[in-house]
Amino acid sequence: MHELSLAQALVEQLEQIRAKEHAGAVVSVTVNIGALSGVDRGAFEFAFPIAVDGTVAAGATLVIVESPVVVTCEECGQPSQPALDDIHCAACGSRKVRITDGRDFLIQSVELQEREGNH
Ligand SMILES: [Zn+2]
């Protein structure tokens, strides 16, 4: 499953963030899934608890923010949010558009526990 390896990569990033912040466990993580990122939200939600099991992110809350595809028109310069199956400029109807958002799959924010250590 593609989403499982993505979730595992996410956990690696969380481990790095946690180490850098010298924090405790991961409480929650907000990820941004772009409409064109190719990530299936349902599959990712299914894979996440499997990937975090036994890691610093075990039991963490997953928050998913879906970002729409945004294009900028090469003809008139206007940005718009087209339907995925019919990408064109909403202002002038041109199909000469550049995709400017909606491709990303990334961590938007992470909530960490204060470290309660014995050293
Ligand atoms: Zn246009």
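Definitions and cut-offs
Residues numbered from 1 in each chain as written. Predicted model: local features only at pLDDT ≥ 70, side-chain atom pairs only at ≥ 80, totals over all residues. Heavy atoms only, no water. Donors = N, O, S within 2.8 Å, 3.2 Å for Na, K, Ca; no water. Tetrahedral: all angles 85-135°; square planar, octahedral: opposite > 155°, others 65-115°. Helix = DSSP H or I, 4+ residues; strand = E, 2+ residues; numbered from the N terminus. Buried < 20%, exposed > 50% of the residue type's maximum accessible area, 1.4 Å probe, protein only. Pairing = 2+ DSSP bridges. Contact = heavy atoms within 4.5 Å. Core = buried A, V, L, I, M, F, W, Y, C linked by side-chain atoms within 4.5 Å.

Caption draft 1: How the structure looks around the coordination of the zinc ion. Taken together, the protein ligands of the zinc ion are C73 (SG), C76 (SG), C89 (SG) and C92 (SG), with distances of 2.3 Å. For the zinc ion, the four donor atoms in the first shell make angles of 107 to 116° at the metal, a pattern classed as tetrahedral. Counting the intervening residues between successive donors of the zinc ion yields the motif C-x2-C-x12-C-x2-C. Here C92 lies in the loop between strand 4 (79-80) and strand 5 (97-101) and C73 lies in strand 3 (residues 70-73), a separation of 19 residues in the sequence. For C73, a relative accessible area of 4% puts it in the buried group.

Caption draft 2: Region of interest: the sheet that holds strand 3. Reading across from one edge, 4-3-5 is the order of the three strands in this open sheet, with antiparallel pairing throughout. Lying at the two open borders of the sheet, with one neighbouring strand each, are strand 4 and strand 5. Relative to strand 5, strand 3 is paired through four bridges, and the arrangement is antiparallel. Paired with V70 across the strands is D101, a residue of strand 5.

Caption draft 3: Focus on the environment of C92. Residue class for C92 comes out partly exposed when judged on its relative accessible area of 43%. Spatially, the C-alpha atom of C92 lies 7.1 Å from that of C76, the residues being 16 residues apart in sequence. Every residue in contact with C92, bar those within four places of it in the chain, is listed here: C73, E75 and C76.

Caption draft 4: View of the nonpolar core. By size, the foremost hydrophobic cluster in this structure holds 20 residues, and its most contacted members are L10, L14, V31 and F44. At the level of secondary structure, the elements contributing two or more residues to this core comprise helix 1 (2-21), strand 1 (26-34) and helix 2 (41-52). In this view, L14 contacts V26, V29, A57, I107 and V110; residues no more than four positions away in its chain are not counted. Formed by five residues, the second largest nonpolar core is a distinct cluster that contains V69, V71, C73 and V97.

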